[in-house]
Amino acid sequence: QPCSALNFQLSSGINAEYGCSTPLDMNLIDFDTLEEMFAQPEKKVVEKPTETKKKGPTLVSLLDPKTSLGVNLVTKNLRMPFEDIASAIARCDMERLNIDQINGLLKILPESADVEQIRGYEGDVAMLGEAEKFYSILLNVPEYALRLDCMKFGYEFRPLSEDLGRRIRETLDAGHAILNSTEVKELLHILLVFGNFINTGGFAGNAVGFKLALLSKVHEIKSNKPRMTMMHVLVESIEKNRPELLHFYKKFHKLGDIAKIDNAENEKELGDLRKMVEKIEKRMSKLDKETVAKFADVFKEAGEFCKNAKKGIDEINGLETKYIKFFVLDKKNYSLQECFKVMAIFCEKFESAITENKKRKEQEERLARRKAELAKKAETLPRMKKGGNSLQNMPQEECIVDNLLSEIRGGLKLRKTKSCVGDNGAKLGRKSSIKASNQDSVEKWKKTKIAMPLPSENHQVKGEALGLSDIQIMPDSVT
């Protein structure tokens, strides 16, 4: 039996028996013990039993992989057996199928080629794939596509009709409100008078009208007064003379949103809705009476809505013609939405001008009150009697800066101090000199008396504080 290998290496050219006087007796070595001690263990090879896997039957795929994947995803999201899905479609059960599930089923409906393959299959249905099984069950429902279309229309008609009807109604209401508003007409007249007065003597004076686009630029015409435009002046004038016109814009608070409604889009949506209704109604005869009766009210309501919506859209088109005549507009460059947009800007800026005028008046009132308080304080300041030198009600606290300025104006010389000698003490000397001078001035002004001249013909006090030149310095020697 093989033993473990030892890493013995004999150098080349050396005899292994070199140096041995007698040959080695092999009986002295116990080879049996060596074999027992160093023999390699035998490796047992475990043979694994061979298992025979049973292969299931291969499913039949009749659809392409992309179609199968889409069908499987939609049907798994429904979380219903295929038979229940087909039953809900056959009964048009809108309580069992919501709008999202119906839209998903409409996306995976089989095409004509898929229908032929499923119907042409004559083998065992259990051997079909999941998508093929669903199609085979779905094809047993008569007019499954039409039933799904009816349910989808039943879900989508009312939200769509409510939104479209609201847009048509709001457009008509806003259009008639502007044309029939006496307030808007009077405002436009006032604005025309403003413009004719400003342009008096120029080529633009005595105008009988102005372009509609001017309404969106009134707030940009600046006046000579800061932060005031022609819009502020217009609002101020109306507030004084015709306050009943001041809040006309509240009737048109939705005009900005209405200006975004395009009548052409309304007409397109109505056309699509009418086509859908006509297409489904033509195929309704293929359904059973119970299903037809279930959707009869919805399609009747849809027909009436389409008629009324068509009248509303035609009325909007006629209203656009009236606007073009009323504002003398170019039909190529202007539409009803453009008119609404200009009026929305005018109303927005008019409202902002009201708020800004109110804030400015409050600021002016505060400033006027402040001036009145200052004037009242100036009148209560002590006055010197003619020929006298005494003070009455002299304020106890005096401002040092004002006193120093008065001292300089009076010609009093400030004392100069010598700075410290030496480069190192120059800076310290200057600081101590200024500090000493300030202290002397404070002590001096504590003992100083101030006399105010009485009003004379050449000097009158008109509600304003006296200047520094009107203050006289009285030394301590004066009594």
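Everything quoted here is computed from the prediction, not taken from an experiment.

(A) Region of the structure containing the packing of helix H7 (residues 144-180) against helix H13 (residues 296-326). At their nearest, the axes of H7 and H13 sit 10 Å apart, and the two run at 25° to each other. On the basis of their axis angle, the class for H7 and H13 is roughly parallel. Pair H7 / H13 crosses with left-handed handedness.

(B) Structural detail: helix H6 (residues 130-138). Listed as buried for H6 are Ala-131, Glu-132, Phe-134, Tyr-135, Ser-136 and Leu-138. Packed against the buried residues of H6 are helix H2 (65-78), helix H3 (82-91), helix H4 (99-107), helix H5 (112-120) and H7.

(C) Structural view of the state of the cysteines. All told, the structure shown has zero disulfides when counted by the stated rule. No disulfide involves Cys-150; its sulfur sits 6.2 Å from the nearest other cysteine sulfur, which is in Cys-92. Judged by relative accessible area, Cys-150 falls into the buried class, the value being 0%.

(D) Molecular detail of the pattern of salt bridges. Counted according to the given criterion, the structure contains 18 salt bridges. Two residues, Lys-361 and Glu-239, come together in a salt bridge whose shortest N-O distance is 3.5 Å. Within this pair, whereas Lys-361 is found in helix H14 (residues 336-379), its partner Glu-239 is found in helix H9 (residues 230-241), the two being separated by 122 residues in sequence. Residue Glu-239 is classed as partly exposed on the basis of its relative accessible area, which comes to 34%. Asp-272 is paired through a salt bridge with Lys-268; the nearest N and O atoms lie 3.4 Å apart. A residue pair is termed a helical-turn pair when its members lie 3 or 4 positions apart in one helix, as Asp-272 and Lys-268 do in helix H11 (residues 263-283) at four residues. Accessibility expressed as a relative area gives 39% for Asp-272, which makes it partly exposed.

(E) Representation of a nonpolar patch on the surface within the structure. A cluster of nonpolar side chains, Val-401, Leu-405 and Ile-408, forms an exposed patch at the surface whose accessible area comes to about 270 Å². With respect to the helices, strands and loops of the structure, Val-401 is situated in helix H15 (residues 400-409).

(F) Here's a closer look at the packing of H11 against H13. As a packed pair, H11 and H13 sit with axes 10 Å apart at the nearest point and diverge in direction by 155°. Between H11 and H13, the crossing angle belongs to the class labelled roughly antiparallel. For the element pair H11 and H13, the recorded crossing hand is left-handed. Here Asn-263, Asn-266, Glu-267, Leu-270, Leu-273, Arg-274, Val-277, Ile-280 and Glu-281 of H11 lie close against H13, whose contacting residues are Phe-299, Ala-302, Phe-305, Cys-306, Ala-309, Lys-310, Ile-313, Ile-316 and Asn-317. Its residues assigned to classes, the contact of H11 with H13 comprises 11 nonpolar, three polar and four charged.

(G) Representation of the environment of Leu-179. Positionally, Leu-179 belongs in helix H7. Accessibility expressed as a relative area gives 12% for Leu-179, which makes it buried. Between the alpha carbons of Leu-179 and Lys-322 there is a distance of 8.6 Å; along the sequence they are 143 residues apart. The contact partners of Leu-179, leaving out residues within four places of it in the chain, are Lys-185, Leu-319, Lys-322, Tyr-323 and Phe-326.

(H) Expanded view of unusual backbone geometry. Even without a glycine there, the phi angle at Arg-79 is positive, about 55°. Within the secondary structure layout, Arg-79 lies in the loop between H2 and H3. Phi is positive for Arg-227, close to 60°, though the residue is something other than glycine. Within the element layout of this structure, Arg-227 appears in the loop between helix H8 (182-198) and H9. What makes Arg-227 exposed here is its relative accessible area of 67%.

(I) Focus on the packing of aromatic side chains. Using the criterion set out here, one finds 14 aromatic pairs in the structure. Consider the rings of Phe-248 and Phe-350, whose centres lie 5.1 Å apart with planes at 80°: the pair is edge-to-face. Pair noted here: Phe-248 is in the loop between H9 and helix H10 (255-258) and Phe-350 is in helix H14, with a separation of 102 residues, a long-range link. Among the aromatic residues, ring-to-ring pairing joins Phe-248, Tyr-249, Phe-252, Phe-346 and Phe-350 into one connected group.

(J) Quick look at H9. The end-to-end C-alpha distance of H9, which contains 12 residues, comes to 16 Å, matching closely the 16 Å that a straight helix rising 1.5 Å per residue would cover. Among the residues of H9, Met-230, Met-231, His-232, Leu-234, Val-235 and Ile-238 are the ones counted as buried.

(K) Broad picture of the side chain of Asn-263. Take Asn-263: it is sitting in helix H11. Relative accessible area serves as the criterion here: at 5%, Asn-263 is assigned to the buried category. Look past the residues within four positions of Asn-263 in its chain and what remains in contact with it is Ile-313, Ile-316, Asn-317 and Gln-337.

(L) A look at the confidence of the model for the protein. For the protein, mean pLDDT is 79; residues scoring 70 or higher make up 72% of the total. Throughout residues 419-425 the model reports pLDDT below 50, and contacts reaching past four residues in sequence, or to other chains, amount to five contacts. Taken as a whole, residues 448-479 scores under 50 in pLDDT and shows 54 contacts with residues more than four places along the chain or in a different chain.

(M) Representation of the environment of Leu-78. Position of Leu-78 among the secondary structure elements: in helix H2. It is 8.7 Å that separates the C-alpha atoms of Leu-78 and Leu-97, two residues lying 19 residues apart in sequence. When neighbours within four sequence positions are excluded, Leu-78 is seen to be in contact with Ile-85, Gln-101 and Leu-105.

(N) Up close: the environment of Leu-214. By the secondary structure assignment, Leu-214 is in the loop between H8 and H9. For Leu-214, a relative accessible area of 32% translates into the label partly exposed. Taking the C-alpha atoms as reference, Leu-214 lies 8.7 Å from Val-342; in sequence the two are 128 residues apart.

Conventions adopted
- Residues numbered from 1 in each chain as written.
- Predicted model: local features only at pLDDT ≥ 70, side-chain atom pairs only at ≥ 80, totals over all residues.
- Heavy atoms only, no water.
- Axes fitted to C-alpha atoms, helices over the stretch in contact; angles between N-to-C directions.
- Helix = DSSP H or I, 4+ residues; strand = E, 2+ residues; numbered from the N terminus.
- Parallel < 35°, antiparallel > 145°, perpendicular 65-115°, else oblique.
- Left-handed = near helix turned anticlockwise from the far one by under 90°.
- Buried < 20%, exposed > 50% of the residue type's maximum accessible area, 1.4 Å probe, protein only.
- Contact = heavy atoms within 4.5 Å.
- Disulfide = S-S within 2.5 Å.
- Salt bridge = Lys/Arg side-chain N within 4 Å of Asp/Glu carboxyl O.
- Patch = residues over 30% accessible without salt bridge, like charges linked within 9 Å, V, L, I, M, F, W, Y side chains within 5 Å.
- Areas by Shrake-Rupley, 256 points an atom, 1.4 Å probe, with all protein chains shown as cover.
- Nonpolar A, V, L, I, M, F, W, Y, C, P; charged D, E, K, R; others polar.
- Phe/Tyr/Trp six-rings, centres within 6.5 Å; stacked < 30°, edge-to-face > 60°.
- Expected span 1.5 Å × (residues − 1).
- pLDDT = per-residue confidence, 0-100.

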